[in-house]
Amino acid sequence: MRKSSTTQLVTIAVFIAIEVILTRFLSIQTPIVRLGFGFLPVAMLAILYGPIWAGVAYAIGDILGMLIWPSGSFFFGFTLSAFLTGMIYGFFFKNHDVRLPKVLIACALVCFVINLGLDTVWLSILQGQAYLAILPARILKAVIAYVLQITLIPIVYHGICLLYTSDAADERSSV
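## Side note on the overall build of the protein chain
Here comes step 1: Looking only at helices and strands, the protein chain features six helices and two strands.
Here comes step 2: Sequence-ordered secondary structure for the protein chain, helices as α and strands as β, is α-β-β-α-α-α-α-α.
Here comes step 3: Compactness check: the protein chain gives a C-alpha radius of gyration of 17 Å against a globular reference of 16 Å for 175 residues, within 12% of the reference.
Here comes step 4: Over its C-alpha atoms, taken along the principal directions, the protein chain stretches across nearly 65 × 35 × 25 Å.
Here comes step 5: Considering only intrachain contacts with a sequence separation of at least 6, the fraction spanning at least 24 residues in the protein chain is 69%.
Here comes step 6: As displayed, the protein chain offers around 9,700 Å² of accessible surface, 73% of which is attributable to carbon and sulfur atoms.
Here comes step 7: The distance from the centre of the 10 positive side-chain charges to the centre of the 7 negative ones in the protein chain is 7 Å.

Put into C-alpha cells, the structure is as follows:
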C-alpha cells in the first residue's frame, strides 16, 4: 500500500525533530568534536524514503537546529555535509536494503570521508586552526562514531521492523 504524501511529510517532519533533539541535546560536544545519535533518524529516513529525502531532511534539521539552538556561527559547509550524509545513507539503504556490507561501506563513507574529511576542513576554516592540529581528536571521534553507527543502525532498523510486523499481526488477529 502506498503511503499518502501527507503521511510521508509528517513522518519526515517527525524524524527531523528527533534528529534535532538527538543532535542538540543528547550528544557529547566539544569545540572540535560532537558525538551523538542524530544519524539514527536520518538513516531510518534513508531506508524509508531514499537519498533525496534523507539528504534534504538532514540539511533542514541542521539549519533548524542551528536557528533554534545555535552553538556557534552558521556555516553552510556543515549543512552540505549533512545533506551528503543523508544521500550516502539513502543510496546504500534505499528500499529497506540494510545488509551488513552496505552498512559497513555507508558508515565508513560518512564517518571517514564526510565527518573526518569534510567536517575537519570546515572546522579548520571556522576556527583558523591547522587541519593537522585538530585531526587526532577527529580521528578518535570518527572511529567511535563508526562503531556506534555500524552497531546501532541495524539494531534500530530491525527493532522498528519487529514493532511494525507485530503491530500488523495484532491488527490482523483482532479482525
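## Some words on the confidence of the model for the protein chain
Here comes step 1: Confidence along the protein chain averages 89 in pLDDT terms, with 92% of residues attaining 70 or more.
Here comes step 2: For the protein chain, per-element mean pLDDT is lowest for strand S1 (residues 28–29), which scores 82, and highest for helix H4 (residues 76–93), which scores 97.

## Remarks on the packing of aromatic side chains
Here comes step 1: For the structure shown, the criterion picks out six aromatic pairs.
Here comes step 2: Ring plane angle 75 degrees and centroid distance 4.8 Å describe the contact between Phe25 and Trp69, whose orientation is recorded as edge-to-face. With a gap of 44 residues between them, Phe25 in helix H1 (residues 5–25) and Trp69 in the loop between helix H3 (51–68) and H4 connect regions that are remote in the sequence.
Here comes step 3: Assessed through its relative accessible area of 35%, Trp69 is described here as partly exposed.
Here comes step 4: Taken together, Phe75, Phe78 and Trp122 form an aromatic cluster joined through their ring pairs.

Cut-offs and rules
Residues numbered from 1 in each chain as written. Predicted model: local features only at pLDDT ≥ 70, side-chain atom pairs only at ≥ 80, totals over all residues. Heavy atoms only, no water. Helix = DSSP H or I, 4+ residues; strand = E, 2+ residues; numbered from the N terminus. Rg over C-alpha atoms; globule rule 2.2 N^0.38 Å. Contact = heavy atoms within 4.5 Å. Areas by Shrake-Rupley, 256 points an atom, 1.4 Å probe, with all protein chains shown as cover. Lys, Arg positive; Asp, Glu negative; His and termini not counted. Charge placed at Lys NZ, Arg CZ, Asp CG, Glu CD. pLDDT = per-residue confidence, 0-100. Phe/Tyr/Trp six-rings, centres within 6.5 Å; stacked < 30°, edge-to-face > 60°. Buried < 20%, exposed > 50% of the residue type's maximum accessible area, 1.4 Å probe, protein only.

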